[in-house]
Amino acid sequence: MTNAAWVVQTASPGETQRLGAALAGLLPRGALVALRGDLATGKTCLVAGMAKRLAELDYVHSPTFTLVNQYGEDPALLHVDLYRLGGPDELADLGYAELFDSDNICVVEWAERAESLLPERRLDIFLEHAGHDLRRLTLQNRALLPRGWQEQLESAVLR
Ligand SMILES: Nc1ncnc2c1ncn2[C@@H]1O[C@H](COP(=O)(O)OP(=O)(O)OP(=O)(O)O)[C@@H](O)[C@H]1O
Ligand SMILES: [Mg+2]
C-alpha cells in the first residue's frame, strides 16, 4: 500500500469516463473514493465510468432527494452526492457509517461536506478545470490501492 499522489489530465468526458472505468477495476471491496472539486469538473462523469465497469450501466445521474444511488451488486457501487446535504443530521439519517464502511464500493461527490466522517483508508480525488474540455485530476492514495496503481491507470488512459 502506498500514499503516493498522481496527477492526470483528461481532454474529454470520454477520457474521464475511461479513467473511472480503469480505476473501478483496481478498487478493492469496501473502498471509499472521496471526490472533491468545483461544479462541472467531471465528478459524475468519473462515476459514470465506474458504473460502466462495475454494473454495465451506460448512464448515471446524481442522486437527489435520497443522496445515494446503488448500481449493480456484489459489489454494488454506492453513488453518494452530498451537494444538497442539509446538515449533519441528514448524514446520520443516511446511515453514513454503513455506507462508508461496507463490502461494497462507495464513491462520494462533495466528500468535503462529510470530511470528519470519512475513513482514513480511502482514495481522494481532486478535480479541477484546466481550460476548455481539459480537467486535471489529482489522485491521492491513502493506503487503499496496491503498489503500481499509477502505472496501471496510466496505461489504461493512454490506450
Ligand atoms: N475532460 C472532461 N472530463 C469530464 N467532463 C468534461 C470534460 N470536458 C468537458 N466536460 C463536461 O463537463 C461537465 C462535467 O459534468 P459532471 O456532471 O460530470 O460534473 P460534476 O463535477 O459532477 O458537477 P457537479 O458538481 O454539478 O455535480 C459535463 O458537461 C461534461 O460534458
Ligand atoms: Mg456531479
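Residues numbered from 1 in each chain as written. Chains lettered and ligands numbered in written order. Predicted model: local features only at pLDDT ≥ 70, side-chain atom pairs only at ≥ 80, totals over all residues.

Visitor: Help me get a handle on the overall build of the chain, residues and values and all.
Guide: Helix and strand content of the chain: five helices and seven strands. In the chain, the succession of α and β elements from N to C terminus is β-α-β-α-β-β-α-α-β-β-β-α. Compactness check: the chain gives a C-alpha radius of gyration of 14 Å against a globular reference of 15 Å for 159 residues, within 12% of the reference. Across its three principal axes, the chain shows a C-alpha extent of roughly 40 × 35 × 30 Å. Out of the 159 residues belonging to the chain, those deemed buried represent 38%. (Helix = DSSP H or I, 4+ residues; strand = E, 2+ residues; numbered from the N terminus. Rg over C-alpha atoms; globule rule 2.2 N^0.38 Å. Buried ≥ 20, exposed ≤ 12 C-beta atoms within 10 Å, placed from the backbone.)

Visitor: How would you summarise helix α1 (residues 13–26) if you had to cite specific residues and measurements?
Guide: For α1, built from 14 residues, the straight-helix expectation of 20 Å at 1.5 Å per residue is met to within 8% by its first-to-last C-alpha distance of 20 Å. Residues of α1 that are buried: Thr16, Gln17, Arg18, Leu19, Gly20, Ala22, Leu23 and Ala24. Buried residues belonging to α1 abut β1 (5–10), α2 (43–55), β7 (135–142) and α5 (149–158). (Expected span 1.5 Å × (residues − 1). Contact = placed C-beta atoms within 7 Å.)

Visitor: Account for the nonpolar core, naming residues and giving values.
Guide: Ranked by internal contacts, the top residues of the largest apolar core, which has 41 residues, are Leu35, Met50, Cys106 and Val107. The element contributing the most residues to this core is α2, with seven residues. In this view, cysteine 106 contacts Leu32, Leu78, Val80, Leu99 and Phe100; residues no more than four positions away in its chain are not counted. (Core = buried A, V, L, I, M, F, W, Y, C linked by C-beta atoms within 7 Å.)

Visitor: Please give an account of the site of ligand 1 that cites residues and values.
Guide: Looking at ligand 1, there are 19 residues lining it, with Thr16, Gly42, Lys43, Thr44 and Cys45 nearest. Mapped by element, the contributors of at least two residues to the shell around ligand 1 are α1 and α2. For the shell around ligand 1, the residue count by class is six nonpolar, eight polar and five charged. (Near = placed C-beta within 6 Å. Nonpolar A, V, L, I, M, F, W, Y, C, P; charged D, E, K, R; others polar.)

Visitor: I'd love a proper account of the sheet that holds strand β3 (residues 68–71), names of residues and values included.
Guide: The sheet built from seven strands is open, its strands ordered β1-β7-β6-β2-β5-β4-β3 with mixed pairing. Because the sheet does not close on itself, it has two edges, and the strands there are β1 and β3. When the angles between neighbouring strand axes are averaged without regard to direction, this sheet yields 20°. (Pairing = 2+ DSSP bridges. Axes fitted to C-alpha atoms, helices over the stretch in contact; angles between N-to-C directions.)

Visitor: Outline the pairing of β7, supporting the account with residue identities and numerical values.
Guide: Only one face of β7 is buried: it carries Arg135, Leu137, Leu139 and Asn141, and the other face, with Arg136, Thr138, Gln140 and Arg142, is open. As defined by bridge partners, β1 adjoins β7 across six bridges and the pair is classed as antiparallel. For valine 8, the partnering residue across the bridge sits in β7 and is leucine 137. Of the strand pairs in this sheet, strand β6 (residues 122–129) and β7 are connected by eight bridges, and their pairing is antiparallel. Note on β7: the bridge partner recorded for isoleucine 125 is leucine 139. Counted between consecutive antiparallel strands, the loop separating β6 from β7 contains five residues, among which glycine 131 sits at a positive phi close to 100°.

Visitor: Summarise the packing of α1 against α5; cite the residues concerned and give the values.
Guide: Orientation of α1 relative to α5, taken along the N-to-C sense of each, is 140°, at an axis distance of 9 Å. One element, α1, and the other, α5, form an angle in the oblique class. Crossing handedness for the pair α1 and α5: right-handed. Between α1 and α5, the residues in contact are Glu15, Arg18, Leu19, Ala22, Leu23 and Leu26 and Trp149, Gln152, Leu153, Ala156 and Val157, respectively. (Parallel < 35°, antiparallel > 145°, perpendicular 65-115°, else oblique. Left-handed = near helix turned anticlockwise from the far one by under 90°.)

Visitor: Just give me the short version of unusual backbone geometry, but keep the residues and values in it.
Guide: Here the amide bond leading from aspartate 74 into proline 75 is cis, since omega sits at 0°, within 30 degrees of zero. Topologically, proline 75 is positioned in the loop between β3 and β4 (77–81). One non-glycine residue, alanine 40, lies in the positive phi region at around 60°. Looking at where alanine 40 falls in the secondary structure, it is placed in the loop between β2 (32–37) and α2. Look at alanine 40 and you get exposed, because 11 C-beta atoms sit within 10 Å.

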